Amino acid sequence: MSLFKARDWWSTVLGEKEEFDQGCLCLADVDNTGNGQGDGAQAEDLLLEVHLRDPILQVEVGKFVSGTEMLHLAVLHSRKLCVYSVSGSLGNVEHGTQYQIKLMYEHNLQRTACNMTYGSFGGVKGRDLICIQSMDGMLMVFEQESYAFGRFLPGSLLPGPLAYSYRTDSFITVSSCRQVESYKYQVLAFATDADKRQETEQQKLGSGKRLVVDWTLNIGEQALDICIVSFNQSASSVFVLGERNFFCLKDNGQIRFMKKLDCSPSCFLPYCSVSEGTINTLIGNHSNMLHVYQDVTLKWATQLPHIPVAVRVGCLHDLKGVIVTLSDDGHLQCSYLGTDPSLFQAPKVESRELNYDELDIELKELQKIIKDVNKSQGVWPMTEREDDLKVSAMVSPNFDSVSQSTDVEVGADLVPSVTVKVTLQNRVTLQKIRLSVYVQPPLVLTCDQFTFEFMAPEMTRTVGFSVYLKGSCLPPELEGNTVVSYSRPTDRNPEGIPRVSQCKFRLPLKLICLPGQPSKTASHKLTIDTNKSPVSLLSLFPGFANQSEDDQVNVMGFRFLGGSRVTLLASKTSQRYRIQSEQFEDLWLITNELIMRLQEYFEKQGIKDFACSFSGSMPLQEYFELIDHHFELRINGEKLKELLSERAVQFRAIQRRLLTRFKDKTPAPLQHLDTLLDGTYKQVIALADAVEENQDNLFQSFTRLKSATHLVILLIGLWQKLSADQIAILEAAFLPLQQDTQELGWEETVDAAISHLLKTCLSKSSKEQALNLSSQLSIPKDTSRLKKHITLLCDRLAKGGRLCLSTDAAAPQTMVMPGGCATIPESDLEERSVEQDSTELFTSHKHLIVETPMPEVSPLQGVSE
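Bear in mind the structure is a predicted one, so any value in this text is a computation, not a measurement.

Engineer: Help me out: how do you make sense of the overall build of the chain in this one?
Structural biologist: Scanning the chain from N- to C-terminus turns up 14 helices and 40 strands. With 865 residues in all, the chain has 42% of them scored as buried. Considering only contacts in the chain between residues 6 or more positions apart, those separated by 24 or more positions represent 62%.

Engineer: What's the story with the nonpolar core in this structure? I'm lost.
Structural biologist: Nonpolar side chains tend toward joint burial in soluble globular proteins. In this structure, L507, I512, Y623 and F734 are the most contacted members of the largest nonpolar core, which totals 103 residues. It is helix 8 (residues 673–720) that provides the largest number of residues to this core, a total of 11 residues. F64, L81, Y105 and M140 belong to the second-largest nonpolar core, a separate cluster that totals 16 residues.

Engineer: Where do I start with the packing of helix 7 (residues 620–663) against helix 8 in this structure?
Structural biologist: To describe two helices that pack against each other, one gives the angle between their axes and the distance between the axes. Two elements in contact, helix 7 and helix 8, have axes separated by 8 Å at closest approach and are oriented at 160°. One element, helix 7, and the other, helix 8, form an angle in the roughly antiparallel class. Two packed elements cross with a definite hand, and for helix 7 against helix 8 that hand is left-handed. For the contact of helix 7 with helix 8, the per-class residue count stands at 25 nonpolar, 13 polar and 7 charged.

Engineer: Mind showing me how you'd approach the packing of aromatic side chains here?
Structural biologist: For any pair of aromatic rings, geometry is given as the distance between the ring centres together with the angle between the planes. This model, assessed by the stated rule, comprises 20 aromatic pairs. Arranged with centres 5.7 Å apart and planes meeting at 40°, the rings of F121 and Y185 form a pair that is tilted. Of the two residues, F121 sits in the loop between strand 6 (113–119) and strand 7 (129–134) while Y185 sits in helix 1 (residues 185–190), which places them 64 residues apart along the sequence. F121 gets classed as buried once you look at its relative accessible area, which sits at 1%. Note on Y185: relative accessible area 7%, which makes it buried. Arranged with centres 6.2 Å apart and planes meeting at 35°, the rings of F450 and F465 form a pair that is tilted.

Engineer: Would you take a moment to explain the sheet that holds strand 10 (residues 162–165) for this structure?
Structural biologist: Across a sheet, paired strands are connected by hydrogen bonds in the backbone, their directions being either parallel or antiparallel. Strand order in the open sheet made by the 4 strands is 10-11-12-13, with antiparallel pairing throughout. Looking along the sheet, the strands with just one partner apiece sit at the ends: strand 10 and strand 13 (215–218). When the angles between neighbouring strand axes are averaged without regard to direction, this sheet yields 20°. Of the pairings in the sheet, the one linking strand 11 (residues 170–174) to strand 12 (residues 179–184) comprises 5 bridges and is antiparallel in character. Following the sheet pairing, S170 is matched in strand 12 by K184.

Engineer: Sorry, what's going on with the pairing of strand 8 (residues 138–143) here?
Structural biologist: In summary, the side chains of a regular strand alternate between the two faces of the sheet. Among the 6 residues that make up strand 8, 5 are buried, leaving the element largely enclosed by the rest of the structure. One ladder, built from 4 bridges, connects strand 7 with strand 8; its direction is antiparallel. Bridge pairing in strand 8 links I132 to M140. As consecutive antiparallel partners, strand 7 and strand 8 are separated by 3 residues, and within that stretch G137 has a phi angle of approximately 85°, a positive value. Pairing geometry for strand 8 and strand 9 (residues 146–152), over 6 bridges, is antiparallel. Of the residues in strand 9, the one forming a bridge with M138 is F152. Counting the residues in the hairpin turn of strand 8 and strand 9 gives 2 residues, including Q144, whose phi is positive at 60°.

Engineer: Would you take a moment to explain the confidence of the model for the chain for this structure?
Structural biologist: Caution is warranted with low-pLDDT regions, since their predicted coordinates should not be read in detail. Per-residue pLDDT for the chain averages 82, and the proportion of residues at 70 or more is 83%. Counting interchain partners and residues more than four positions distant, the pLDDT-below-50 stretch residues 807–865 has 107 contacts.

Engineer: Is there a simple way to think about the pattern of salt bridges in this case?
Structural biologist: A side chain with one charge can pair with a side chain of the opposite charge if their charged atoms come near. Counting across every chain of the model gives 17 salt bridges. For the salt bridge of D136 with R111, the shortest nitrogen-to-oxygen distance reads 2.8 Å. With D136 in the loop between strand 7 and strand 8 and R111 in the loop between strand 5 (98–108) and strand 6, the pair connects residues that are 25 residues apart, well separated along the chain. For R111, a relative accessible area of 26% gives the class partly exposed. Here D628 and K787 are joined by a salt bridge, their closest N and O atoms 3.1 Å apart. Residue D628 is located in helix 7, and its partner K787 is located in helix 12 (residues 784–798); the two are separated by 159 residues in the primary sequence. Given the relative accessible area of 29%, D628 is considered partly exposed. The buried category is assigned to K787, whose relative accessible area is 9%. One connected set of salt bridges, linked through shared partners, spans R506, E593 and R597.

Engineer: Would you take a moment to explain a negative patch on the surface for this structure?
Structural biologist: Negative charge collects at one region of the surface, where D357, E358, D360, E362 and E365 lie side by side. You can see E358 is positioned in helix 3 (residues 356–377).

Engineer: Would you mind showing me how to read the environment of L507 here?
Structural biologist: Checked against the element boundaries, L507 lands in the loop between strand 34 (497–506) and strand 35 (513–516). Exposure remark for L507: the relative accessible area of 2% places this residue in the buried category. A sequence separation of 29 residues divides L507 from L478, and the C-alpha atoms of the two residues are 5.3 Å apart. Ignoring sequence-local partners within four residues, the contact set of L507 consists of V418, V420, V439, L443, V467 and L478.

Engineer: Even after reading the chapter, I still don't get the environment of F121, so can you show me in this structure?
Structural biologist: Separated by 64 residues in the primary sequence, F121 and Y185 have C-alpha atoms spaced 6.9 Å apart. Each residue touching F121, except ones within four places of it in the same chain, is listed here: L129, I130, C131, V141, Y164, D169, F171 and Y185.

Engineer: So what exactly am I meant to see when it comes to the environment of Q333 here?
Structural biologist: When you line up the elements, Q333 lands in strand 24 (residues 331–336). Setting aside anything within four residues of it in sequence, one finds Q333 in contact with A6, D8, W10, S11, P305, H306, I323, V324 and T325.

Engineer: When you look at the pairing of strand 20 (residues 289–294) in this model, what are you seeing that I'm missing?
Structural biologist: Most of strand 20 sits out of view: 6 of its 6 residues are buried. Between the end of strand 19 (residues 280–285) and the start of strand 20, which pair antiparallel, lie 3 residues, with N288 showing a positive phi angle near 60°. Inspection of the sheet shows strand 20 paired to strand 21 (residues 297–303) by 6 bridges, in the antiparallel sense. Paired with L290 across the two strands is T302, which belongs to strand 21. What sits between the antiparallel neighbours strand 20 and strand 21 is a turn of 2 residues, in which D295 has the positive phi angle 60°.

Engineer: Mind showing me how you'd approach helix 10 (residues 746–759) here?
Structural biologist: Working note: α-helix, 3.6 residues per turn, so residues spaced by three or four point in the same direction. Compared with the 20 Å implied by 1.5 Å per residue over 14 residues, the 20 Å span of helix 10 between its first and last C-alpha is a close match. Most of helix 10 sits out of view: 10 of its 14 residues are buried. Inspection of helix 10 places W746, E747, E748, T749, V750, D751, I754, S755, L757 and L758 among the buried residues, and these make up the whole buried set.

Engineer: Before we go on, may I ask you to explain the side chain of T173 in this structure?
Structural biologist: Secondary-structure assignment places T173 in strand 11. Relative accessible area serves as the criterion here: at 4%, T173 is assigned to the buried category. Reaching out from T173, the side chain makes a polar contact with the backbone oxygen of P161 at a distance of 2.8 Å. Leaving out residues up to four positions away in the same chain, T173 has contacts with Q133, L153, G160, P161, L162, Q179, V180, E181, Y183 and I226.

Engineer: How do you make sense of helix 6 (residues 587–604) when you look at a structure like this?
Structural biologist: Between its first and last C-alpha atoms helix 6 spans 26 Å; for 18 residues at 1.5 Å apiece the expected length is 26 Å, and the two agree. Among the residues of helix 6, those classed as buried are L587, W588, L589, I590, T591, N592, E593, L594, I595, R597, L598 and F602. Backbone geometry just after helix 6 places G606 at a positive phi near 80°.

Engineer: Any chance you could explain the sheet that holds strand 38 (residues 565–570) here in plain terms?
Structural biologist: Strand order in the open sheet formed by 6 strands is 35-37-38-39-36-40, with antiparallel pairing between adjacent strands. The sheet is open, and its two edges are formed by strand 35 and strand 40 (612–613), each paired on a single side. As paired elements, strand 38 and strand 39 (residues 576–581) share 5 bridges and run antiparallel to each other. Its bridge partner lying in strand 39, L568 is registered against I579. This element, helix 8, spans strand 36 (524–530) and strand 40 of the sheet and lies at about 35° to strand 36.

Parameters and conventions
- Residues numbered from 1 in each chain as written.
- Predicted model: local features only at pLDDT ≥ 70, side-chain atom pairs only at ≥ 80, totals over all residues.
- Heavy atoms only, no water.
- Helix = DSSP H or I, 4+ residues; strand = E, 2+ residues; numbered from the N terminus.
- Buried < 20%, exposed > 50% of the residue type's maximum accessible area, 1.4 Å probe, protein only.
- Contact = heavy atoms within 4.5 Å.
- Core = buried A, V, L, I, M, F, W, Y, C linked by side-chain atoms within 4.5 Å.
- Axes fitted to C-alpha atoms, helices over the stretch in contact; angles between N-to-C directions.
- Parallel < 35°, antiparallel > 145°, perpendicular 65-115°, else oblique.
- Left-handed = near helix turned anticlockwise from the far one by under 90°.
- Nonpolar A, V, L, I, M, F, W, Y, C, P; charged D, E, K, R; others polar.
- Phe/Tyr/Trp six-rings, centres within 6.5 Å; stacked < 30°, edge-to-face > 60°.
- Pairing = 2+ DSSP bridges.
- pLDDT = per-residue confidence, 0-100.
- Salt bridge = Lys/Arg side-chain N within 4 Å of Asp/Glu carboxyl O.
- Patch = residues over 30% accessible without salt bridge, like charges linked within 9 Å, V, L, I, M, F, W, Y side chains within 5 Å.
- Areas by Shrake-Rupley, 256 points an atom, 1.4 Å probe, with all protein chains shown as cover.
- Lys, Arg positive; Asp, Glu negative; His and termini not counted.
- Charge placed at Lys NZ, Arg CZ, Asp CG, Glu CD.
- Expected span 1.5 Å × (residues − 1).
- Polar contact = N/O pair within 3.5 Å; in protein donor to acceptor, adjacent residues only side chain to side chain.

Quick look at the structure:
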């Protein structure tokens, strides 16, 4: 906070919801009255307001009309330059002088303009010429009513600030190479025309001149503005405002001085020379401050009520040195520097003796009140925050009558779509509401972003969208998530406090699955044990089977839209369910859906002690095969990209050689370079297609890997009866990424997470805790280390390990082994092969659970194995 504030002499707000920049402020005697004064700070302050149809980039005042030395107003639009005359006529009534604006001439631009400058180019007398810089780096010079010429700046990428120095008759700008460049006007005038930018044979012979820079200076940063001043007859100075520094240069580009700024600048103005050899500069910054520098010495700092984007100094109403500032939202202020005397006097304090015993009692009572409030409400008033906005999602029970997946077909099946409606109910005023919806690919949304600028209190908004499957692979989850970000305005913060609310919804299984024929044989099988009698599959999955006579359907087939099949069997004699399929990852969705529907079924029956368990061996070998396939595709993608890069370098090298041959005055044989170019081009196209195909395969493999990972986590949770918090830790470790990339892949991320768990909460000794994990994640050479860590994680859990994230998790744990269970030495575990690990690890624990064998009867006869 500055001690000194700019004293407000006159201020106003311009426009409504408009934006302003440094070129939008010009201080001049535009009506040519000669006194530069208005009629007083009253309603007549607004002399003239005209609505132009095009956006305005910059305004300048100068001698822009031929035949007169009167000042005229130049207005630069993106595709037009207009010059106006502003004049006033004395009114006959109390309204005062009336001002009119008249168009003198205009130029339609062939290129999009960026900025402009003006001056007496070439030393002309009594008139000003205009130079406009386009967005593609072309300088267009206009001699008042006529177009003179256009020149492209060499190597221009992005336009920078532009200024004209009349002492050296040159244009000065800052290029995208972060260097100050100066171009003589005479060199620009005699250089090759911009319409003939391509090099021709006549130019090589010397008929045209090449545009050469006069001098350059590398400042190492982008420039915000350039200003050229001369307060004496001997020399002029070039001031450049950078992002972190401001520079003062001589006419020849040498640095006079530079100053490193403490705050990010927004505008500047060199305005006078108080003492010989020094220049005073005003610099505004993004901290609402205006600094006055004498060369590099800070002389004064004053606070403004806004961030200035343009600053000028002028004489208004015989008041010299008025500082005129303009903000980006249209706050125009005329101020002066000064201070107000402080008239505040502190009142006399009555001296009285303090009773410390009473103060202690009062302090204890206040602490008790604060403690009670914190216990009841917490740090934040949660109820108030949660009641700001209620988000609810409803999935339609039926498919859309007309499917939104018009251009998608999976095999011979028509892909259905289902509508989801999200309702927003707000209690208070909200603004800047943004609703985002996310589903797991390859599920696709017809619209995933909704925006509302404002919602009044007690208002309800409902939006709808459709979801359908796009692709042959299956999504790893059928759960969608809606996230609403909004701002709640308060008295102290009108812009609003940012907050987030979310709501999850579950898509129906029938969106991706159809009834199918049960299969007798399958490569992969899972058995889920329960503690309740088996339930009819018709009650659990209505719509996927025909109702039989005895209402006991214990075999059901599912066919996914991608073509894979899953069979579900319920035992009549035991409390077991079997899921089997030809693909390991396809078991996940049906297994998860079965457990969820069983839980919902028994909750409706009022049974609260329902539980599921898994007593089979953990299918790590099948899981490791999916990991190896995913990792192989990643390695293949790296090799393909390296080959593509090599062929692209070869292609460009052949192009350069051919171009050199074609430019040669004496043609030489091509020596089969054209054949080599054509062959390399075909290789580049083939490699690019291979990269795209590998990326598609990698996406499908990652989707299948996520499904298998969900299944493994579910089985570990059922096997060890893990709590919800422990399962959340496993999901965070095994599913850290939503998208798999070459820079950060699934294998190295999961390996680091599991290594951390083995080092902390699942560690057996202090020696393991002392191991340092690598801080850099890079693609591994193979997956053997990852598979060993996954196997070791399951072994630690089987020995009684506990997953937690508390501070005492790093303490060594005592592994409690059930009676009769043989331990597996850690050294043996590390040395044996990965294939033996996955098959032998869990066979030693099978006798811990008393199993009831299921009868050997054909699945199609109604009884599972």
